Amino acid sequence: MPEQDPAVTTLGVLVADDHPIFLAGMRQLLEVYPGLTCVAAVTSGSEAVRQVVALRPDVAVLDLDMPDLSGVDVVRAIGAQAPQVGVLMLTMHGDDESVFAALRAGARGYLLKGATPDEVVAAIRSVASGGAVFGPSIAARLVEYFAARPPAVSVAAALPELTDREREILAHLADGEANATIAARLYLSPKTVRNHVSNIFTKLHVADRHAAARRAREAGLGRP
């Protein structure tokens, strides 16, 4: 491996995975490649969020399956508390539901654990620079998915009367989540969520959650 150019900035990377052996391998990998350093390696979702907020790494590499918080919930929490941190999913799960849930939550990249070390390192560097990276099988699935869908009006255009936060809450409401669950996911108080839901009903001229959820799905919000 070539020596690092002193002028090259070292990227700090946090890795979260519930398999200690995989974590050890990732830590070793990051220390071998020039320009990368592992600032933390954790085995739970809550610890991943805590360390990201405390250390502000350039990239967080996350698995989907972790104790106490799923990888998707961790992505959401990072987006709310440390939005400048890029997130790369590195997981065994390549199904559509897992991929799209992670991307909707804010992940910038998605690789399967069969990726080579060079592919993982290239993805980390790309995510750190603001790019989006997908493994070959994931990229092919995304192309097929969007090719099969008719052109869609953006959510902002479909629901211009709502604020960004209201649209975010409406998306969770469309997934059938209760106010308390939405509050926990978005790190808001239940009262704040309740007020937002009331404002959504008023702005959309709907009487209940079912009618609001229907409007949300018509606008493209909610799980596919």
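The structure presented is a predicted model; accordingly, all values stated were derived computationally and were not measured.

Definitions and limits used
Residues numbered from 1 in each chain as written. Predicted model: local features only at pLDDT ≥ 70, side-chain atom pairs only at ≥ 80, totals over all residues. Heavy atoms only, no water. Phe/Tyr/Trp six-rings, centres within 6.5 Å; stacked < 30°, edge-to-face > 60°. Lys NZ or Arg CZ within 6 Å of the ring centre and 35° of its normal. Buried < 20%, exposed > 50% of the residue type's maximum accessible area, 1.4 Å probe, protein only. Helix = DSSP H or I, 4+ residues; strand = E, 2+ residues; numbered from the N terminus. Contact = heavy atoms within 4.5 Å. Polar contact = N/O pair within 3.5 Å; in protein donor to acceptor, adjacent residues only side chain to side chain. Salt bridge = Lys/Arg side-chain N within 4 Å of Asp/Glu carboxyl O. Pairing = 2+ DSSP bridges. UniProt positions renumbered as here; feature names shortened; annotations may be inferred. Axes fitted to C-alpha atoms, helices over the stretch in contact; angles between N-to-C directions. Parallel < 35°, antiparallel > 145°, perpendicular 65-115°, else oblique. Left-handed = near helix turned anticlockwise from the far one by under 90°. Nonpolar A, V, L, I, M, F, W, Y, C, P; charged D, E, K, R; others polar. Right-handed = clockwise from strand over helix to strand, strands pointing away.

### Here we look at the packing of aromatic side chains
Here a ring pair, both rings aromatic, is described through the centre-centre distance and the interplanar angle of the planes. Tallied over the entire structure, the rule returns zero aromatic pairs. A cation sits over an aromatic face here: Lys113 above Phe22, 4.3 Å from the ring centre.

### Quick word on helix 11 (residues 209-218)
In an α-helix, one turn spans 3.6 residues, which is why side chains three or four residues apart end up on the same side. If you check which residues of helix 11 are buried, you get Ala211, Ala212, Ala213 and Ala216. In the core, the buried residues of helix 11 are packed alongside helix 8 (164-174) and helix 10 (190-204). With a side-chain oxygen lying 3.3 Å from the backbone nitrogen of His210, the N-terminal cap of helix 11 falls on Asp208. Trailing helix 11 by a residue or two, Gly220 shows a phi angle of about 95°, which is positive.

### Examining the pattern of salt bridges
If you walk through the whole model with that rule in mind, you get ten salt bridges. For Lys113, the salt bridge identified is with Asp17, shortest N-O distance 2.7 Å. With Lys113 in the loop between strand 5 (109-112) and helix 5 (117-128) and Asp17 in the loop between strand 1 (11-16) and helix 1 (20-32), this residue pair connects regions lying 96 residues apart in the sequence. The exposure class of Asp17 is buried, given its relative accessible area of 0%. One salt bridge connects Glu47 with Arg50, and the closest N-O pair in it is separated by 2.9 Å. Placement of both Glu47 and Arg50 in helix 2 (residues 45-55) is noted, with a separation of three residues, approximately one turn of the helix. Look at Glu47 and you get partly exposed, because its relative accessible area is 24%.

### Focus: the sheet that holds strand 5
Strand order in the open sheet made by the six strands is 2-1-3-4-5-6, with parallel pairing throughout. The open sheet is flanked by strand 2 (36-42) and strand 6 (133-134), the only strands paired with a single partner. With six bridges joining them, strand 1 and strand 2 adopt parallel strand pairing. In the sheet register, Leu11 faces strand 2, and the bridge partner there is Leu36.

### What about the UniProt feature "modified residue: 4-aspartylphosphate" (unreviewed entry) in the chain?
As annotated in UniProt, the feature "modified residue: 4-aspartylphosphate" (unreviewed entry) corresponds to Asp63 in the numbering used here. Inspection of the secondary structure assignment puts Asp63 in the loop between strand 3 (59-62) and helix 3 (71-81). Residues contacting Asp63, with those up to four places away along its chain left out, are Ala16, Asp17, Asp18, Gly71, Met89, Leu90, Thr91, Met92 and Lys113.

### A short note on the packing of helix 9 (residues 179-186) against helix 10
Remark: helix 9 packs on helix 10, axes separated minimally by 8 Å, with the N-to-C direction vectors making an angle of 115°. Here helix 9 is positioned roughly perpendicular relative to helix 10, judged by the angle of their axes. For the crossing formed where helix 9 meets helix 10, the hand is right-handed. Packed against helix 9, whose contacting residues are Asn179, Ile182 and Ala183, the element helix 10 presents Pro190, Val193, Arg194 and Val197 at the interface. Counted by class, the contact of helix 9 with helix 10 contains five nonpolar, one polar and one charged residues.

### Topic: the pairing of strand 5
Two elements, strand 4 (residues 86-91) and strand 5, share four bridges in a ladder whose sense is parallel. From the neighbouring strand, Leu90 faces strand 5, where its bridge partner is Leu111. With helix 4 (residues 96-105) bridging strand 4 and the parallel strand 5, this β-α-β connection has right-handed handedness. Where strand 5 lies against strand 6, two bridges are found, and the strand directions are parallel. Looking at the pairing, Tyr110 lines up with Phe134 of strand 6. Each parallel crossover has a hand, and the one from strand 5 via helix 5 to strand 6 is left-handed.

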